[in-house]
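Here is how the chains run, residue by residue.
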Amino acid sequence: MSPFSWLSVDDTPRESSPFINIIDQDQENYYDGKNMALFEEEMESNPMVSSLLNKLANYTNLTQGVTEHEEYEEGVTKVRVKGPQMGTFIGVYLPCMQNILGVILFLRLTWIVGTAGILESFAVVVMCCTCTMLTAISMSAIATNGVVPAGGSYYMISRSLGPEFGGAVGLCFYLGTTFAGSMYILGTIEILLTYIVPNAAVFVAETKEDESVALLNNMRVYGTCCLALMALVVFVGVKYVNKLSLVFLACVVLSIMAIYAGVIKTAIEPPNFPICLLGNRSLQNHNFEKCMKTEERNNQTHTTKLWDLFCDSPYLNATCDDYFIRNNVTEIQGIPGLLSGVIKDNLWSEYGPSGMLVEKKDQLSVPAKDKSRNINLPYVFNDISTFFTLIVGIYFPSVTGIMAGSNRSGDLRDAQRSIPTGTILAIATTSFLYMTCVVLFGACIEGVVLRDKFGDSVKKNLVIGTLAWPSPWVIVIGSFFSCCGAGLQSLTGAPRLLQAIARDGIVPFLQVFGHGKANGEPTWALLMTAGICEIGILIASLDEVAPILSMFFLMCYLFVNLACAVQTLLGTPNWRPRFKFYHWTLSFLGMSLCLSLMFICSWYYALVAMCIAGCIYKYIEYRGAEKEWGDGIRGLSLNAARYALIRLEEAPPHTKNWRPQLLVLLKLDSDLGVKHPRLLSLTTQLKAGKGLTIVSSVLEGTYMSLGAQAKTAEQVRAAMHSERTKGFCHVVASSNLRDGFSHLIQSAGLGGMKHNTVLMAWPGAWKQAQDTYPWKNFIETVRETTSAHQALLVAKNIDRFPSNQDRLGEGTIDVWWIVHDGGLLMLLPFLLRQHKVWRKCKMRIFSVAQMDDNSIQMKKDLQMFLYQLRLNAEVEVVEMVSSYSPTCISNYITDESRSSIKRKSLPESAWLFGDTGVALPQAQLIHDRNTKSHANLNNKAAVSPEHHMTWTKDKLIAERNRNRAEPNMGVKDLFNLKPYLNLFCRNQSNVRRMHTAVKLNEVVVNKSQGAQLVLLNMPGPPKNKGGDENYMEFLEVLMDGLDRVLLVRGGGREVITIYS
């Protein structure tokens, strides 16, 4: 057979190939002719480039939007033909223009110019327009850094700064859009009741004092009705809103054109809008026709309607207002025209309190004797107190709406080109319009008319309408429909924004608003929006609602700038905007300007908005769904972590900053479940969420077979979540547990963030184990932590330790300070008592005194030492006298706990390190040269010197009795026992250690059997591995009879200090 016969196309079996192993005939035929057989096994997870490009070409970022809703409502599914979409002008420029130019321009800009003056008004416009321009630059950079689905600013911020910031700012933007709907509806009703049908008021004021209250109530009633009507239109179908949008846009354009046409006409022929002044005070002229006190009719003097307003009767001898008598009435033109020079009078501001009369400063006036003001007189006065910051808050909503283009990114032919160009051009155009309007209004209209908010001095005409050509009704009708359209757009956009946030799943309590009608219409979100919008309508004042939505929009714009600045400074590889005219300094300037404007507008509203955003942020952080969107905050965290790790590498931590950085060694059962979850509870109680915690375990096997399980470590992470352990999970696969734990001790952590303490459970069933592997693994782990200069904590009976839900009402934490371990024994109870589980437990410290120690002085020294350490604990010194002193016995217990000063006074050469690895002072090595206990070795000639004996407590008692019963042996007989001398010394060493363990255990059990937790110094393992089993016996005897024990072994450095 040919070696290439596997390439044949007949039915004969193909020769197996090391590169191709296909069972499915269809799949095999699929790859024939693809010339990609080498990568055949990769195709399932990694698609071919052609397939990838095909998917990208067919990708659409359109959410289920208006087109789908219209088709559903009409019951017709249209065949989609991919045709030319909207360009920059239709898709971005005009929508932004429509959203930016609105109610403030028509209803408040003239009043702003008259109150703040041309210079300050111009400064406000420049400041606000600069803010939006800088925000647009930042938004353009973000919008051109990849595809932006419909969702606008929320999508951009959430994907740039993460779900916490995205959710907080998204909800703020939603609230801003909703309150904008309230503002537009209030503007609509104000135009309707003030300028179109003033007689339609439901509430009519009987007195002058009740007029403001009646106006507010009328606004509430008509506003609620208008809101219900608009919500019904949106609910029935957004197709009607979209079809009317062109009408609303036409109204805005015609109104702007009428204003500029009127300005040009004033230079040629100013319109006739006379205003009446009494002295220098402006009068409301909608109740009289002639601006005169009296008039001549048939050679007789008759009083006018103006006389009736200031006098108690229409007769010439009537009693009149003093100011009316002293001053003459003057009629001047309210629109003197562009060339009149009135611009000089309107340069400066005219702020004042509520109720202040609107006066023409350069007009002659004789003050009245009676300074009190009768509110029933027809003067024009301020309805609110005016100041600069109020002007900023009211004006800023007029420059919002710059996100309209980014919200339509799915409808654009080339979104990455259209969004920057259209948005920036729209802002530039509207900025030019606002700046020129400020100057032209001040140059054409008399100051007292500008300050007349509701046009009372020009027969209840809209002030900006008096300037329009050919008729004021062009502006009135145009502004009315413009406000209606803007309100409908807000009620259409806000519910969809709330629905997008709800469907992202980052705010759990908003899940219900993600549902809607079968066609995707956000019904529940619309009801929520209408409810919030009603709150703004109940406020009933456009001047009070405007600063509220200014806060929310400024908050949104602030975070757009922050997102761009963070992404630019981080320089992440994915940050490649097509829009190149941006810089992080511009974004930072825009962010600073937004923050400044927030506090300029209203510092208390700014604090409330920031608190709302902060609460939403913390809620999403702790309760929201975890999302990974590759946001900039995570990148910022990585950079900050890298910087901090590098700094930590520069020098080891000072004793003041030392805290246990835990490596928790967990053992898993056959189902990969955690054997001792209470070990994680102890970790949580010890750390309280601070410092480094690495929860680790080892899977026996190869990485190829267990790699996926090691990476996910689902059950370990679930246990950490259940026990509220904050830290990192690190599970490795190794051929055996011993090597795995060794690797973890050596390599866990990164840089300066490495563990310094190992926490593990005591192998409780080591005696019953069939093999010696468990306890040998334990001892090797102890040896490795010692070699690595790391502290070791071993918990006995870990399953009896309290859980995080337990509260230990009383009891003690007993510390048996036998050898100085750097202060870790003192530090651990202090850390445990910071947690609510151990908070009510008292701390007791026991120290052991030898025969030659002064117990009283030792207690005083220890109390002083604890006082200097700022630790509150009861101190007790226990005298432990050995009742058994065999030959060559050496007391294991040292007196280092007497005082750190006494230890430091000993010369370094006075300390020895025995087999246990624990420092022993020479003064405590008690040698007995008597060798009579060696006599019994004659009877043990059959014992091999290599034989190993395990010492238990029973063997200790038997050896003790044997030593007492046997006769003495002479020194000369020892020369005959040289082969057994090593064995004898080892046995005697084990006797000494077991004796120490028994005696110390008796003392500890006597004093601390009822303690909630006992902390003991842990002796080190023997250097000779032949004594490992004896070492385990010693520890077992030492902890016998105690419920909860924590063996502590220091890492070889001081961890607590008396200095500040």
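The name given to the chain in an unreviewed UniProt entry is Solute carrier family 12 member 7a, with Esox lucius as the source organism. The UniProt entry for the chain carries the following comment under Catalytic activity (unreviewed entry): "K(+)(in) + chloride(in) = K(+)(out) + chloride(out)". In UniProt, the chain has this text filed under Sequence similarities (unreviewed entry): "Belongs to the SLC12A transporter family. K/Cl co-transporter subfamily."

Visitor: Any chance you could explain the packing of helix H8 (residues 163-196) against helix H9 (residues 211-236) here in plain terms?
Guide: To describe two helices that pack against each other, one gives the angle between their axes and the distance between the axes. Running from amino to carboxyl end, H8 crosses H9 at an angle of 120°, the nearest separation of the two axes being 9 Å. Viewed along their axes, H8 and H9 adopt a mutual orientation that is oblique. Seen along the crossing, H8 lies across H9 with a hand that is right-handed. Taken together, the residues of H9 that come into contact with H8 (itself represented by Ile185, Leu186, Ile189, Glu190, Leu192 and Leu193) are Asn218, Met219, Tyr222, Gly223, Cys226, Leu227 and Met230. Broken down by class, the residue content of the contact of H8 with H9 amounts to ten nonpolar, two polar and one charged.

Visitor: What's the story with a nonpolar patch on the surface in this structure? I'm lost.
Guide: Together, Leu595, Phe599, Trp603, Tyr604, Leu607 and Met610 give the surface a local cluster of nonpolar side chains, amounting to about 580 Å² of exposed area. Secondary-structure elements contributing two or more residues to the nonpolar patch are helix H21 (584-601) and helix H22 (603-623). For the nonpolar patch, the leading source of residues is H22, giving four residues. As for its placement among the helices and strands, Met610 is situated in helix H22.

Visitor: I would appreciate a short explanation of the packing of H21 against H22 in the present structure.
Guide: Close contact between H21 and H22 brings their axes to 5 Å; oriented N to C, the two are set at 125°. Overall, the two elements H21 and H22 adopt an arrangement that is oblique. Contacts between H21 and H22 involve Met598, Phe599 and Cys601 from the former and Trp603, Ala606, Leu607 and Met610 from the latter. Taken together, the residues that form the contact of H21 with H22 break down as seven nonpolar, no polar and no charged.

Visitor: Is there a simple way to explain unusual backbone geometry in this structure?
Guide: For residues besides glycine, phi is generally negative; the peptide bonds are generally trans as well. The omega torsion of the bond from Trp469 to Pro470 falls at 15°, within 30 degrees of zero and hence cis. Inspection of the secondary structure assignment puts Pro470 in the loop between helix H17 (463-467) and helix H18 (472-504). With a phi close to 70°, Ala540 is a non-glycine residue in the positive phi region. Its relative accessible area of 4% is what places Ala540 among the buried residues. Backbone geometry at Asn797 places phi at a positive 55°, although glycine is not the residue there. Positionally, Asn797 belongs in the loop between strand S10 (791-796) and strand S11 (812-817). Of the residues examined, Asn797 reaches a relative accessible area of 25% and is grouped as partly exposed.

Visitor: Sorry if this is basic, but what is going on with the pairing of S10 here?
Guide: Regular strands show a simple pattern: their side chains alternate between the two faces of the sheet. Taken across its six residues, S10 has six buried, putting it largely inside the fold. Side chains Ala791, Leu793 and Ala795 of S10 all project onto a buried face; the interleaved residues Leu792, Val794 and Lys796 project onto the opposite face, where all are buried too. Bridge count between S10 and strand S17 (residues 1045-1049): five bridges; the pairing is antiparallel. Directly across from Ala795, in S17, lies its bridge partner Leu1046.

Visitor: I would appreciate a short explanation of the sheet that holds strand S7 (residues 693-700) in the present structure.
Guide: Strand order in the open sheet formed by ten strands is S8-S7-S6-S9-S10-S17-S16-S11-S12-S13, with mixed pairing between adjacent strands. In this open sheet, the two strands that pair with only one neighbour each are strand S8 (728-734) and strand S13 (874-879). When the angles between neighbouring strand axes are averaged without regard to direction, this sheet yields 20°. In terms of strand pairing, S7 meets S8 through seven bridges, oriented parallel. Note on S8: the bridge partner recorded for Val698 is Val732. Sheet strands in contact with helix H24 (residues 678-687) are strand S6 (662-665), S7, strand S9 (757-761), S10 and S17, and its direction is about 170° off that of S6. Along the sheet face, helix H27 (residues 737-747) touches S6, S7 and S8 and points at about 155° away from the line of S7.

Criteria and thresholds
Residues numbered from 1 in each chain as written. Predicted model: local features only at pLDDT ≥ 70, side-chain atom pairs only at ≥ 80, totals over all residues. Heavy atoms only, no water. UniProt positions renumbered as here; feature names shortened; annotations may be inferred. Axes fitted to C-alpha atoms, helices over the stretch in contact; angles between N-to-C directions. Helix = DSSP H or I, 4+ residues; strand = E, 2+ residues; numbered from the N terminus. Parallel < 35°, antiparallel > 145°, perpendicular 65-115°, else oblique. Left-handed = near helix turned anticlockwise from the far one by under 90°. Contact = heavy atoms within 4.5 Å. Nonpolar A, V, L, I, M, F, W, Y, C, P; charged D, E, K, R; others polar. Patch = residues over 30% accessible without salt bridge, like charges linked within 9 Å, V, L, I, M, F, W, Y side chains within 5 Å. Areas by Shrake-Rupley, 256 points an atom, 1.4 Å probe, with all protein chains shown as cover. Salt bridge = Lys/Arg side-chain N within 4 Å of Asp/Glu carboxyl O. Buried < 20%, exposed > 50% of the residue type's maximum accessible area, 1.4 Å probe, protein only. Pairing = 2+ DSSP bridges.

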